[in-house]
Amino acid sequence: MVTATLIDNIWATRKSDKLNGLKLMLAKINGGTKDGEVIVVCDVIGAGIGDRVIIATGSAARRMLEDDLIPIDAAVIGIIDESCESV
Amino acid sequence: MVTATLIDNIWATRKSDKLNGLKLMLAKINGGTKDGEVIVVCDVIGAGIGDRVIIATGSAARRMLEDDLIPIDAAVIGIIDESCESV
Amino acid sequence: MVTATLIDNIWATRKSDKLNGLKLMLAKINGGTKDGEVIVVCDVIGAGIGDRVIIATGSAARRMLEDDLIPIDAAVIGIIDESCESV
Amino acid sequence: MVTATLIDNIWATRKSDKLNGLKLMLAKINGGTKDGEVIVVCDVIGAGIGDRVIIATGSAARRMLEDDLIPIDAAVIGIIDESCESV
Amino acid sequence: MVTATLIDNIWATRKSDKLNGLKLMLAKINGGTKDGEVIVVCDVIGAGIGDRVIIATGSAARRMLEDDLIPIDAAVIGIIDESCESV
């Protein structure tokens, strides 16, 4: 998984029906060789802009949705505690 | 997922029978460390050249086609609203 | 998917039995941040050295072989038409 | 797989229920083009901070947990022996 | 797939039970943007240090082991013939 900061929502009115009702957000990856890379992630645990989060990618992302048929490859799996300083 | 701009169609007359009838397009990734990288994506939601889109990769792409046997690893899952400025 | 040019065959006499009879080729990726990267791909549609091709990676590659038990992670899915100039 | 050094724990109180009880750690990748990249990994074999470990990513990570429904994409699969000097 | 040269064995006494008896080796990737990157691979076809090999990654690696439950994401699938000069 990677750590990232959620920086904004992203809106797509025209999209797969399977994505209806899902919240998509922009996340900026923190640290490492991908530092600053912005990806689109799905959130189902109530994360918000500014939160530092842990993101799972690939088939693992669909495990967060408990529906293997949704075309998603990145999802927030946890919000990093504020007291966690080494991230 | 990543955001990208569709820049052209791509044509392959000789290809897998499973790809018949599928629209393949060239997409240029926006922002991050992959900025400017061009990939080939499959579109089934009517996106066109110039559209900013969200692209899912890996096994997630086949979920867009609702057919897990098609040899595709990247697909447009949504067209980003024009009012969305932070992408 | 990515676009690449096939640059040579590659031979491995000692290999998995599951690869017997499969044609493996070297492909040089075109454009983007991976420009010039050489990977090994499997071809089952009769592509040849010099052809510009579309390559699918990951589990999608095995869909080209119609056998999910073959240990392959990259395959040619189409040969790009010569008239296609933007690749 | 990649080799990495575990550098810290990471805490996420708000997270997927499926992650309850799992230990997540920060790992810094050693060597290669990803040298210094920090990722989040799951550990179930009792590794600790400072240990050099082997990390599997993607669907392989879930094989360590013996539960394919957990949204994890990286896991420690072994602790590298101290006598191993070429890593 | 990628081509690499096997540079050493790697030993992990504390590891997943599922890895018992499997040979893990360090492989240095040849050419392209990942040139010099060192990864850990599983070998079941008798490759040795110094051999140039073809490596499959992701779920394809588990096809080499014929056991989808082993937490491995990279495996040697073939040893490149010495007469093969373009690698």
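Only a predicted model underlies this, so the values are computations on that prediction, with no experimental measurement involved.

Trainee: Outline the interface of chain A and chain B, supporting the account with residue identities and numerical values.
Mentor: Many analyses report the size of an interface as the accessible area lost when the parts associate. Tallying the contact residues gives 32 residues for chain A and 26 residues for chain B. For chain A, the biggest contributors to the area lost against chain B are Arg14, Pro71 and Asp73 of chain A; these three give 26% of the whole. As a salt-bridge pair, Lys18 of chain A and Glu66 of chain B come within 2.8 Å of each other at their nearest N and O atoms. For the interface between chain A and chain B, the tally reads 12 residue pairs in polar contact (both at pLDDT 80 or more).

Trainee: Report on the interface of chain D and chain A, specifying residues and quantitative values.
Mentor: Contacts between the two partners involve 32 residues from chain D and, on the opposite side, 26 residues from chain A. Roughly 2,100 Å² of surface becomes buried between chain D and chain A when both sides are summed, with 54% attributable to carbon and sulfur atoms. For the chain D face of the interface with chain A, the top three residues by lost area are Arg14, Pro71 and Asp73 of chain D, together amounting to 26%. Across the chain D-chain A interface, the total number found is 2 salt bridges. A salt bridge links Asp68 of chain D to Arg63 of chain A, with the nearest nitrogen and oxygen atoms 2.5 Å apart. Contributing elements (two or more residues each) for the side of chain D that touches chain A: β1 (2-9), β2 (14-15), β3 (23-29), β4 (38-43) and α1 (59-65) of chain D. Ranked by residues supplied to the side of chain D that touches chain A, first place goes to β4 of chain D with 5 residues. Class assignment of the residues belonging to the side of chain D that touches chain A gives a composition of 16 nonpolar, 6 polar and 10 charged.

Trainee: So what about the arrangement of the chains? Which residues, and what values?
Mentor: No interface is formed between chain A and chain C, the nearest pair of C-alpha atoms being 11 Å apart. One finds no contact between chain C and chain D; the C-alpha atoms of the two approach each other to within 11 Å at their closest.

Rules and cut-offs
Residues numbered from 1 in each chain as written. Chains lettered and ligands numbered in written order. Predicted model: local features only at pLDDT ≥ 70, side-chain atom pairs only at ≥ 80, totals over all residues. Heavy atoms only, no water. Contact = heavy atoms within 4.5 Å. Buried area = accessible area lost by both parts, 1.4 Å probe. Salt bridge = Lys/Arg side-chain N within 4 Å of Asp/Glu carboxyl O. Polar contact = N/O pair within 3.5 Å; in protein donor to acceptor, adjacent residues only side chain to side chain. Helix = DSSP H or I, 4+ residues; strand = E, 2+ residues; numbered from the N terminus. Nonpolar A, V, L, I, M, F, W, Y, C, P; charged D, E, K, R; others polar.

Read these as spatial facts, not as claims about activity.
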